Amino acid sequence: MDTNANDQQPKPEKKKLALNVVSSKEHKGFGAGTIDLSQVSPVIIDGGEAYIDVGAMHAKSKVEKGIKFSPEKENVPNGRQVWIVWVAVDRDERGSFYGGATACEMLIDTEARRGWKLLAEHVNRMDRAIKRKFLLEDLGDEDKAALRRLLQSHNYEWWDRSPEELKDQLA
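Residues numbered from 1 in each chain as written. Predicted model: local features only at pLDDT ≥ 70, side-chain atom pairs only at ≥ 80, totals over all residues. Heavy atoms only, no water.

Undergrad: I tried to follow the environment of Asp 46 on my own but got confused; where do I start?
TA: Among the structural elements, Asp 46 can be located in strand S1 (residues 40–46). Residue Asp 46 is classed as buried on the basis of its relative accessible area, which comes to 16%. Each C-alpha atom of the pair Asp 46 and Ile 84 lies 9.0 Å from the other, and the pair is 38 residues apart in sequence. Among residues more than four places away in sequence, those in contact with Asp 46 are Val 63, Arg 80, Gln 81 and Val 82. In this structure the side chain of Asp 46 is engaged in a polar contact, spanning 2.9 Å, whose partner is the side chain of Arg 80. (Helix = DSSP H or I, 4+ residues; strand = E, 2+ residues; numbered from the N terminus. Buried < 20%, exposed > 50% of the residue type's maximum accessible area, 1.4 Å probe, protein only. Contact = heavy atoms within 4.5 Å. Polar contact = N/O pair within 3.5 Å; in protein donor to acceptor, adjacent residues only side chain to side chain.)

Undergrad: Can you help me understand the pairing of strand S5 (residues 95–109) in this one?
TA: Side-chain direction in a regular strand flips from residue to residue, so the side chains alternate between the two faces of the sheet. Most of S5 is tucked away: 15 of the 15 residues are buried. Across 13 bridges, the pairing between strand S4 (residues 80–92) and S5 is antiparallel. Residue pairing in the sheet places Val 85 in a bridge with Ala 103 of S5. Counted along the chain from S4 to the antiparallel partner S5, the turn is two residues long. Two elements, S5 and strand S7 (residues 134–135), share two bridges in a ladder whose sense is parallel. Its bridge partner lying in S7, Ala 101 is registered against Phe 134. Bridge analysis of S5 against strand S6 (residues 114–116) gives three bridges, and the strand direction is antiparallel. Looking at S6, one finds that Asp 109 is bridged to Arg 114. (Pairing = 2+ DSSP bridges.)

Undergrad: What am I meant to see in the pattern of salt bridges here?
TA: With the rule as written, the count across this model stands at seven salt bridges. Two residues, Asp 46 and Arg 80, come together in a salt bridge whose shortest N-O distance is 2.9 Å. Here the residue Asp 46 occupies a position in strand S1, and Arg 80 occupies one in strand S4, the gap between them amounting to 34 residues. Ionic pairing is found between Lys 131 and Asp 127, a salt bridge with its closest N-O pair at 2.9 Å. (Salt bridge = Lys/Arg side-chain N within 4 Å of Asp/Glu carboxyl O.)

Undergrad: Honestly, the packing of aromatic side chains in this entry has me stumped. Any pointers?
TA: The description of an aromatic ring pair rests on the distance of the ring centres and on the angle between the ring planes. Tallied over the entire structure, the rule returns one aromatic pair. Aromatic side chains Tyr 98 and Trp 158 sit 5.7 Å apart centroid to centroid with 75° between the ring planes, which places their arrangement in the edge-to-face category. Within this pair, whereas Tyr 98 is found in strand S5, its partner Trp 158 is found in helix H3 (residues 156–161), the two being separated by 60 residues in sequence. Here Tyr 98 and Trp 158 have matching classes, each one buried. (Phe/Tyr/Trp six-rings, centres within 6.5 Å; stacked < 30°, edge-to-face > 60°.)

Undergrad: Looking at this model, I keep getting lost on helix H1 (residues 119–130). Mind explaining?
TA: In an α-helix, one turn spans 3.6 residues; hence positions three or four apart end up facing the same way. Compared with the 16 Å implied by 1.5 Å per residue over twelve residues, the 17 Å span of H1 between its first and last C-alpha is a close match. Structurally, H1 contributes buried residues whose contacts are with S1, S4, S5 and S7. Of the residues one or two after H1, Arg 132 is the one with positive phi, at around 65°. (Expected span 1.5 Å × (residues − 1).)

Undergrad: Honestly, the nonpolar core in this entry has me stumped. Any pointers?
TA: Looking at soluble globular proteins, one finds that nonpolar side chains tend to be buried together. In this structure, Val 43, Ile 45, Val 85, Leu 136, Leu 147 and Leu 166 are the most contacted members of the largest nonpolar core, which totals 22 residues. Of all the secondary structure elements, the ones that give two or more residues to this core are S1, strand S2 (49–52), S4, S5, helix H2 (141–154) and H3. When near neighbours in sequence (up to four residues on either side) are disregarded, Val 85 contacts Ser 41, Pro 42, Val 43, Ile 45, Ala 101, Thr 102, Ala 103, Leu 136 and Leu 147. Tyr 51, Trp 86, Met 106 and Ile 108 belong to the second largest nonpolar core, which has 16 residues in total. (Core = buried A, V, L, I, M, F, W, Y, C linked by side-chain atoms within 4.5 Å.)

Undergrad: Please clarify how H2 should be interpreted in this entry.
TA: Between its first and last C-alpha, H2 extends 20 Å over 14 residues, near the 20 Å set by a 1.5 Å rise per residue. Buried residues in H2 make contact with S1, S2, S4, S5, H3 and helix H4 (164–169).

Below, the structure written as structure tokens:
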């Protein structure tokens with residue numbers, strides 16, 4: 001069968017990474033009571049840049065790939081500070097908004113392929129975001145500004161409808 005170079009199928013557009021929007025449906029069947037991860041998205045803050053990286057949901061973000069993690073900080077003396085911020089999106093009668101956000105610290109030494117993080121803290125902080133808490137006080141000014149810019153540029157209407165507590169913590 002002859003194929004002509006001009007008959008090539010167009011490549012599908014790559015999906016843009018986005019924060020999830022929760023539905024208003026309540027689920028009470030099988031699996032009820034489990035954590036619904038469709039409500040939360042991970043944001044990485046590294047070197048003053050914030051970006052969405054869904055790989056962080058399974059510890060496979062761009063900065064975590066190929067890194068051997070230790071629960072001992074002293075094992076990563078040359079690590080740079082990187083944050084995972086769990087951002088929960090909620091919806092009410094006015095529309096969607098950022099309903100919870102919690103930050104978790106990691107140290108990453110890319111050259112040595114070593115890192116530090118406390119997995120239990122990451123899980124607990126994700127749970128707190130899902131429960132509509134804001135725990136961002138540990139972020140430095142540059143990191144807060146990067147997160148604020150990302151949230152505003154992603155969807156300013158969501159930012160505008162978000163609780164004052166979030167805006168205050170990122171001021």
